[in-house]
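# Fold and geometry: a report
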Amino acid sequence: MQKHSEEAAKPLICDFEDVTREDGALVGGKNSSLGEMIRTFKAEEIAVPPGFATTSHMYWYYVDANGIRDKASSLIAEWQQGKLNLAETGHAVRRLFLRGTWPADAAAAIKDAYHRLLDKDASKDPRVAVRSSATAEDLPDASFAGQQETYLNVSGDEALLTACRRCYASLFTDRAISYRQAKGFGHDSIALSIGVQLMVHSDSGCSGVMFSIDTESGFDKVVLINAAWGLGENVVQGAVNPDEYQVFKPLLGDKDLVPILEKKLGDKAIKMVYGNKDMPTRNVPTSKAERVSFVLSNQEILQLARWACTIEKHYGCPMDMEWAKDGITNELFIVQARPETVQSRRDTALFKTYKIGKKGRMLTTGLSIGDAAVSGRLCLITSVKDIDKFVDNSILVTEATDPDWVPVMKRAAGIITDHGGRTSHAAIVSRELGLPAIVGTGNATYLLHSGQDVTVSCAEGDTGFVYEGISEIEEKTVDLSGLPKAQTKIMLNLGNPAAAYRWWQLPAAGIGLARMEFVVSNAIRVHPMALVHFEQLKDETAKREINRLTAGYSSKPDYFVDKLSHGLAALCAAVYPKPAIIRLSDFKTNEYAGLIGGAEFEPEEENPMLGFRGASRYYSPRYQDGFALECRAIKRLREDLGLTNAIVMIPFCRTVAEAKKVFDVMAANGLCRGENGLQVYVMCEIPSNVILAAEFAKYFDGFSIGSNDLTQLTLGVDRDSGELAELFDDQDEAVKWMIARVISIANKAGRKIGICGQAPSDHPEFAKFLVKAGIDSISVSPDSFVAVMNHVVASEREN
């Protein structure tokens, strides 16, 4: 009775605005963070809905008033001794809370705070969210998120008291008990605070989750936002495939820029809206218009991203936040914020890479969570009631997960879900457990079956792949802590925007070669001329596919410009402000013809390798309109998104006269060398580029040696010929003479010169030759970076 009276004498209720993040022991991590934001960010105009919190004293007051403390401890002890199973223990403890009654003064305090809160709401129909906030949650080294219950659309005194009682009981869900046990937290040392917060009318608006860090790679220069229609629980639970937006943090301060790196449209098949007293919320199908529309405007995306940066700066660590937009007032709000607990604790000097050997048939794809890969046997379970059927170390396949699935997720080798985005429950828990997961496939439970052998690959960028059969997986650990530093710049060859952030830890001097054609063939897939001259297309199948791909764009060329600029943006952002050298399109005619609608715009050539390619296309009537789209994309990349570290490079430029023609076409499309710092390089891959290097140097800011084509054309060897494979040698003395000569001329002319190729990685003596010749930079594939850096440093020491 003494403890009972002691707790009653302490504060039972605190308004959010009266607490700070130092009050976690009093009102839990969630509520203390809300108070911190309300107090701190008024001047920053970051909107946080008002509310109040019951204190930890209120919790203990309720516990002791109902005689729960000793009974609960006894039940937990029996479970720890093996006398009760987890389900029996959890059920028994929760029943103690649910059958308890509120002390009169405690109930009065809650009702009084509730009515004062309602007076702050200007709407005619105020509702509140009732959220659990444990005193050990949202710590930087432990995430209790989602383990306790949340109740939405609560209205009325009795409904509120019932929801609060249920929140208390949820401190002893099976998952919460097992998590505390695993983390070493005493079950009788953690209290529960309850947050009662005015609801944002996002039932008629939208909501979602955002992180101030890339959730998969830990790249700290982006904000990741997930968004869906209606209340936010569907995003958190992974019940929908949401929109996904990525924003580049370093350029958010410039109001003239729109540094949105990527916008992915989710299908958003359902949305959660208000229900009735018996069912406070319910899911309804979204309209066709909602499914094909982005949830947020560009300005709203940027506003949320700026808020994320402000919150991160204040807390001093990467943050995980929930947001909502009121469908009546159109105002945005932050409704929760907590420290991110996975990527922020990684050792950035140490990371693993995974390479898949022979791949089987691709079965399905989704969003990759993590960057690992695993092979194994599938176990398909559609209901949490059947988790006892799960086979340990299998790959779990299911529609979506919630906290009830955690015990079985811990026993899985990997996870595949139909629904969910990067901020869904399945994604968050998989990250914490270090499991490769693929979420949001849309069809995994339909296409896959138990007992099937597959390989799950999250090692190929932000798209995850499920392959048929067991593939060999090569795992390497890269340690950057003792890596020496070279005077020669070591850069990266990157083409896949989806994998760009994976390599941000490498101390590279930038991107030495970004192949535009990778983005065109994978993200765009359509021949640019087929977009410009769509009405002239005769292929009806191609027209139908182009119509499908370009749905939502005001014009078909806009699709090309948008996709290309955003694809290149991810590459440039990964190394910003270091240079990213983007090679303009260098498809051969047979490769261009393979794009959707391409066959009608390409000539048939006997030898495409030496034919209509590179610079010759850009001023030709056959392709000039297509090249104009490339120029528009580069202009948007540099001027609208603000990624001025992008350098453009002209491939296969045969003559100086041809270079002048290309510059004229570029200028006509708004790209002028020297304006806004634009630099233009040329590929040095034709003997004429070496012979007339001094002339080329008058028009270009730098050279990049393409050793494959230069070897082919110097030795007269078809690089694709199996018969002549032994003669193709990029270390032949004639080739080395060409390379050494162009390096010497470039150095004298004050022009940058680099090389992109595998030879410096495979052959240390070739790296030594390049260093001795005076090359400025060597660009290699990311998995060769460490080896080449070591080879170059050794060569520099010898020289």
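Read on for a plain summary of the structure.

Basis of the calculations
Residues numbered from 1 in each chain as written. Predicted model: local features only at pLDDT ≥ 70, side-chain atom pairs only at ≥ 80, totals over all residues. Heavy atoms only, no water. Helix = DSSP H or I, 4+ residues; strand = E, 2+ residues; numbered from the N terminus. Contact = heavy atoms within 4.5 Å. Pairing = 2+ DSSP bridges. Axes fitted to C-alpha atoms, helices over the stretch in contact; angles between N-to-C directions. Buried < 20%, exposed > 50% of the residue type's maximum accessible area, 1.4 Å probe, protein only. Phe/Tyr/Trp six-rings, centres within 6.5 Å; stacked < 30°, edge-to-face > 60°. Lys NZ or Arg CZ within 6 Å of the ring centre and 35° of its normal. 1 Å grid on protein atoms, 1.4 Å probe; cavity = no way out; pocket = protein on both sides within 12 Å on 5 of 7 lines; lining within 4 Å. Points joined across faces, edges and corners; volume = space filled by probe spheres on them. Nonpolar A, V, L, I, M, F, W, Y, C, P; charged D, E, K, R; others polar. Expected span 1.5 Å × (residues − 1). Bend = angle between axes of the 7 residues up to and from the residue. Salt bridge = Lys/Arg side-chain N within 4 Å of Asp/Glu carboxyl O.

### Details of the environment of cysteine 206
Tracing the sequence through the fold places cysteine 206 in strand β6 (residues 206–211). Not counting chain neighbours up to four residues away, the residues in contact with cysteine 206 comprise Ala228, Trp229, Gly230, Val295, Leu296, Trp323, Ala324 and Lys325.

### Observations concerning the sheet that holds strand β30 (residues 777–780)
Reading around the barrel, the eight strands line up as β23-β24-β25-β26-β27-β28-β29-β30 and close back on themselves, with parallel pairing between neighbours. Going from strand to strand, the sheet's axes swing by 30 degrees on average, the running direction of each strand aside. Pairing of strand β25 (residues 580–583) with strand β26 (residues 646–650) involves four bridges; the strand directions are parallel. Looking across to β26, one finds that alanine 580 is bridged to alanine 646. Helix α26 (residues 733–749) rests against β27 (680–684), β28 (702–706) and β29 (752–756) of the sheet, and its axis sits at about 150 degrees to β29.

### Brief notes about helix α3 (residues 56–65)
Since one α-helical turn is 3.6 residues long, residues separated by three or four positions face the same way. In terms of residue burial, α3 counts as a mostly covered element, since nine of its 10 residues are buried. For α3, the full list of buried residues reads Ser56, His57, Met58, Tyr59, Trp60, Tyr61, Tyr62, Val63 and Asp64. Glycine 67 lies just past α3 and shows a positive phi near 65 degrees.

### Details of the environment of lysine 389
Inspection of the secondary structure assignment puts lysine 389 in the loop between β16 (373–380) and β17 (395–398). Accessibility expressed as a relative area gives 57% for lysine 389, which makes it exposed. Apart from the residues lying within four places of it in its own chain, the contact partners of lysine 389 are Cys379 and Ile381.

### Concerning the packing of aromatic side chains
Scanning the model with the defined rule gives 20 aromatic pairs in all. A centroid spacing of 5.2 Å and a plane angle of 45 degrees characterise the contact between phenylalanine 663 and phenylalanine 700, whose relative ring orientation is tilted. On the criterion of sequence distance, the pair formed by phenylalanine 663 in helix α22 (residues 656–668) and phenylalanine 700 in the loop between α24 (693–696) and β28 is long-range, its members being 37 residues apart. When its relative accessible area of 1% is taken as the criterion, phenylalanine 700 is described as buried. A connected cluster of aromatic rings, assembled from ring pairs, spans Tyr59, Trp60, Tyr62, Phe97, Trp102, Tyr168 and Phe172. Looking at arginine 21, its charged tip hangs above the ring of tyrosine 315, at a distance of 5.0 Å from the centre. If you follow lysine 543 out to its NZ or CZ, it ends over the ring of phenylalanine 534, 5.2 Å from the centre.

### Quick notes on the pairing of strand β24 (residues 511–515)
On a regular strand, one side chain projects to one face of the sheet and the next to the other, so that they alternate. Counting buried positions along β24 yields four of five residues, so the element is predominantly enclosed. Two strands pair when backbone bridges link them, and β24 and β25 are joined in this way by three bridges, in the parallel orientation. The residue of β25 that forms the bridge with arginine 515 is arginine 583.

### Considering empty space enclosed by the protein
Throughout the structure, instances matching the rule amount to three cavities of 30 Å³ or more. In this structure, the largest cavity occupies an estimated 190 Å³ of space. Along the walls of the largest cavity sit 18 residues, with Arg131, Ser202, Gly232, Ala324 and Val335 positioned nearest its centre. Where the lining of the largest cavity is concerned, the elements lending two or more residues are β3 (128–134), β5 (192–198), β6, α9 (233–237) and β12 (319–325). No other element matches the three residues that β12 contributes to the lining of the largest cavity. In terms of residue class, the lining of the largest cavity is built from 10 nonpolar, five polar and three charged.

### Details of helix α2 (residues 24–40)
The terminal C-alpha atoms of α2 lie 16 Å apart, and with 17 residues this falls more than 12% below the ideal 24 Å at 1.5 Å per residue. The largest bend along α2 measures about 85 degrees and falls at lysine 30. For α2, a buried count of 14 out of 17 residues is recorded, marking the element as mostly surrounded by other parts of the structure.

### Comments concerning the pattern of salt bridges
Per the counting criterion, the structure on display carries 37 salt bridges. The partner of glutamate 244 in a salt bridge is arginine 422, with the nearest N and O atoms 3.0 Å apart. Of this pair, glutamate 244 sits in strand β8 (residues 243–248) while arginine 422 is found in the loop between β18 (414–417) and α13 (425–433), placing the two residues 178 residues apart along the sequence. Judged by its relative accessible area of 3%, glutamate 244 falls in the buried class. One network of salt bridges, in which partners are shared, links Glu244, Glu262, Lys264, Arg422 and Asp462.

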